[in-house]
Amino acid sequence: MTEAWDAAVEAQIRGAVQRGEFDNLPGMGKPIPGRGTPYDEGWWIRSFLEREKLPSDLLLPTPLQLRRRIEQVPDEVRDLPTEPAVRAFVGQLNAQIVAWLRNPDGPRVAVRPVNADEVVERWRAERVRPDATATAAEPATVVAPTRRRWWLRWRRR
């Protein structure tokens, strides 16, 4: 049975070569990628990540992904425009952390929710720094006096 099968396959290959179906294929004449390197069991995952341009962090277990996201919080909130946007980002991350803490899977890695107040303080400090350098180069502007509150006027009477 296998001899008949092999003969049929070989006949189809010979017919395709004679018709020229194997001419001008992409990669023809180029070396086979990865030839001569040691065998890697995860070659197909690495090639998929490279081809789809996905980050390799997707291969990490959930707690390690969360730890990495916690480390990247200052960089991710730096460009957010408002404090509520920063708090919303931290709240969304904390929701993911709490969901993992309720049903942990993967390795036992200590992961705690992020303190939103600390992130906002750091965000404010980074926002003030560039403004301070910009105002030092520019001339001082006159600030209009603020309006007094009604209860302060009432209290003085």
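The present account deals with the structure reproduced in this document. (Residues numbered from 1 in each chain as written. Predicted model: local features only at pLDDT ≥ 70, side-chain atom pairs only at ≥ 80, totals over all residues. Heavy atoms only, no water.)

## A closer look at the overall build of the protein
A count of helices and strands for the protein gives seven helices and zero strands. Moving toward the C terminus, one meets the helices and strands of the protein in the order α-α-α-α-α-α-α. When the 157 residues of the protein are sorted by exposure, 13% land in the buried category. In the structure as shown, the protein presents an accessible area of about 13800 Å², 56% of it carried by carbon and sulfur atoms. (Helix = DSSP H or I, 4+ residues; strand = E, 2+ residues; numbered from the N terminus. Buried < 20%, exposed > 50% of the residue type's maximum accessible area, 1.4 Å probe, protein only. Areas by Shrake-Rupley, 256 points an atom, 1.4 Å probe, with all protein chains shown as cover.)

## Brief notes about unusual backbone geometry
You will see that Asn-24, though not glycine, has its phi angle at about 60°, which is positive. Looking at where Asn-24 falls in the secondary structure, it is placed in the loop between α1 (2-19) and α2 (43-52).

## Brief notes about the pattern of salt bridges
Scanning the entire structure with this criterion turns up 10 salt bridges. Salt-bridge contacts for Arg-46 lead to Asp-40; the nearest nitrogen and oxygen are separated by 3.1 Å. Its relative accessible area of 42% is what places Arg-46 among the partly exposed residues. A salt bridge links Glu-83 to Arg-87, with the shortest nitrogen-to-oxygen separation between them at 3.1 Å. Placement of both Glu-83 and Arg-87 in helix α5 (residues 83-102) is noted, with a separation of four residues, approximately one turn of the helix. Using a relative accessible area of 23% as the deciding quantity, one classes Glu-83 as partly exposed. Accessibility expressed as a relative area gives 33% for Arg-87, which makes it partly exposed. What you see here is one network of salt bridges that share partners, running through Glu-83, Arg-87, Asp-117, Glu-121 and Arg-124. (Salt bridge = Lys/Arg side-chain N within 4 Å of Asp/Glu carboxyl O.)

## A word on the nonpolar core
Residues Val-73, Val-77, Val-86, Ile-97, Val-111, Val-114 and Val-119 are the most contacted members of the largest nonpolar core, which totals 15 residues. Taken together, the elements giving at least two residues each to this core come down to α4 (73-77), α5 and α6 (116-137). Ranked by residues supplied to this core, first place goes to α5 with six residues. With residues near it in sequence (within four places) discarded, Val-73 still touches Phe-89, Leu-93 and Val-119. (Core = buried A, V, L, I, M, F, W, Y, C linked by side-chain atoms within 4.5 Å. Contact = heavy atoms within 4.5 Å.)

## Considerations on the packing of helix α3 (residues 62-71) against α5
Contact geometry of α3 with α5 gives a least axis separation of 11 Å together with a crossing angle of 160°. Put simply, α3 runs roughly antiparallel to α5. α5 is crossed by α3, and the crossing has left-handed handedness. Facing α3, whose interface residues are Thr-62, Pro-63, Leu-66, Arg-69 and Ile-70, α5 presents Phe-89, Gln-92, Leu-93, Gln-96, Ile-97 and Trp-100. (Axes fitted to C-alpha atoms, helices over the stretch in contact; angles between N-to-C directions. Parallel < 35°, antiparallel > 145°, perpendicular 65-115°, else oblique. Left-handed = near helix turned anticlockwise from the far one by under 90°.)

## A word on the environment of Leu-93
Relative to the helices and strands, Leu-93 resides in helix α5. For Leu-93, a relative accessible area of 0% corresponds to the buried category. As a C-alpha pair, Leu-93 and Pro-113 span 20 residues in sequence and 7.9 Å in three-dimensional space. If near-sequence neighbours (up to four positions away) are discounted, Leu-93 is found in contact with Arg-69, Ile-70, Val-73 and Val-114.

Limitation: the analysis is restricted to geometry and does not speak to function.
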